[in-house]
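This is what each chain is made of:
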Amino acid sequence: MTAKAGPTPSGATAAVPAVLLAHHLKQLEPPTVLREYEKVAREAARDGVDHVRYLLRLVELELLDRERRVTERRIREARFPTVKSFDTFDFAAIPGLNKMLALELGRCAFIARRENVIALGNSGTGKTHVALALGLAACQRGFSTFFLTAHALASQLMEARDEKRLLKLQAQLQNVKLLIVDELGYVPLSQVGAELLFEVFSQRYERGSIIVTSNLPFEEWPAVFRSERLTGALLDRLTHHVHILEMNGESYRLKQSAGRRRAAKAEQPKATVRPDHAAAPSEHDRDPNAASQLS
Ligand code: ADP
Ligand code: MG
């Protein structure tokens, strides 16, 4: 380069290094360095920091930002219906759940060991919430994750088979470090769907982790997979290295809506005294979601 503009560059020539630096940084694409270098340079000058430390500060900022961006991308690619974590999970609401085990699983060593997790329990007890929390933890710890319901997975597999791209989808499902299959058992699978789902589980056996949530105890799984033989083979693989989260208990949703009803009742004006039976909620006053929501 011939950028020797004399001993004291001034005016237009003084701006040349800054312009060139911005141009080069744009080409190299370290967005944080590009955004922050002037501010960090001012701070370095103020603090009397040498060139090496200045560069170190900048590179550290870039790395932190890059990690955050990669995690955000992993979370987007996981296709979580909503992002939930253990921070918002009230363990006291489900005393039957082994809190220590759940939090230990949140450290994700089971993914490195290619083990599975099965969360079993009735509706509304937080199975999906826990699966989402484990999925989020996995993304934050660098594991690629994919979340979908058993029904969606079976449908996608059948669609891919019809469109002659089954192998590609199977490879994608196999490559991900953590596959989360939610709501196994809510909707019975077709025979083809069950066989394709079995294949996915079978291909991941000892190669990658699966989290399954289900409202059905294992004895009732044959009804979902339509075959004792297939279910036996599937459970054999799935439960070989498995952590079971027992999540039977009172539905969190029903408990919350009951709480809301009680609060609303307590707020009613005292002047209008009504006979007890008139104040009691009828069947129709119940939480409209409670009856229709399956999960
Ligand atoms: P399930 O999958 O077992 O049917 P969900 O995980 O969908 O239940 O829980 C239903 C709703 O209640 C969700 O909004 C979830 O976040 C919330 N929820 C359930 N259990 C808890 C809990 N222990 N603490 C906080 N929120 C909970
Ligand atoms: Mg659920």
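All values derive from a computational prediction rather than experimental measurement. (Residues numbered from 1 in each chain as written. Chains lettered and ligands numbered in written order. Predicted model: local features only at pLDDT ≥ 70, side-chain atom pairs only at ≥ 80, totals over all residues. Heavy atoms only, no water.)

Once that is clear, we can look at the pattern of salt bridges. Two side chains carrying opposite charge are able to pair once their charged atoms lie near each other. Under the defined criterion, the tally for this structure stands at 15 salt bridges. For R35, the salt bridge identified is with E36, shortest N-O distance 3.5 Å. We classify R35 as exposed; its relative accessible area is 52%. On the basis of relative accessible area, E36 is assigned to the buried category, the value being 16%. Across the pair R57 and D47 runs a salt bridge whose closest N-O atoms are separated by 3.5 Å. Remark: D47 occurs in helix α2 (residues 31-47) and R57 occurs in helix α3 (residues 51-78); sequence separation between them is 10 residues. Overall, R57 belongs to the partly exposed group, its relative accessible area being 29%. The class for D47 is partly exposed, based on a relative accessible area of 38%. One salt-bridge network, in which partners are shared between bridges, spans R35, E36, K39, E62, D65, R68, R69 and E72. (Salt bridge = Lys/Arg side-chain N within 4 Å of Asp/Glu carboxyl O. Buried < 20%, exposed > 50% of the residue type's maximum accessible area, 1.4 Å probe, protein only. Helix = DSSP H or I, 4+ residues; strand = E, 2+ residues; numbered from the N terminus.)

Let us now look at the site of ligand 1. Taken together, 16 residues lie around ligand 1, and K84, D90, G124, K127 and H129 are the ones closest in. Between T125 and ligand 1, the recorded distance is 3.1 Å, taken from a backbone N or O atom to an oxygen atom. When isolated, ligand 1 has an accessible area of 550 Å², and the protein chains bury 87% of it. Within the residue set of the shell around ligand 1, elements represented by two or more residues are α6 (127-140) and α12 (252-267). Per-element tally for the shell around ligand 1: the top contributor is α6, with 3 residues. (Near = heavy atom within 4 Å. Polar contact = N/O pair within 3.5 Å; in protein donor to acceptor, adjacent residues only side chain to side chain. Areas by Shrake-Rupley, 256 points an atom, 1.4 Å probe, with all protein chains shown as cover.)

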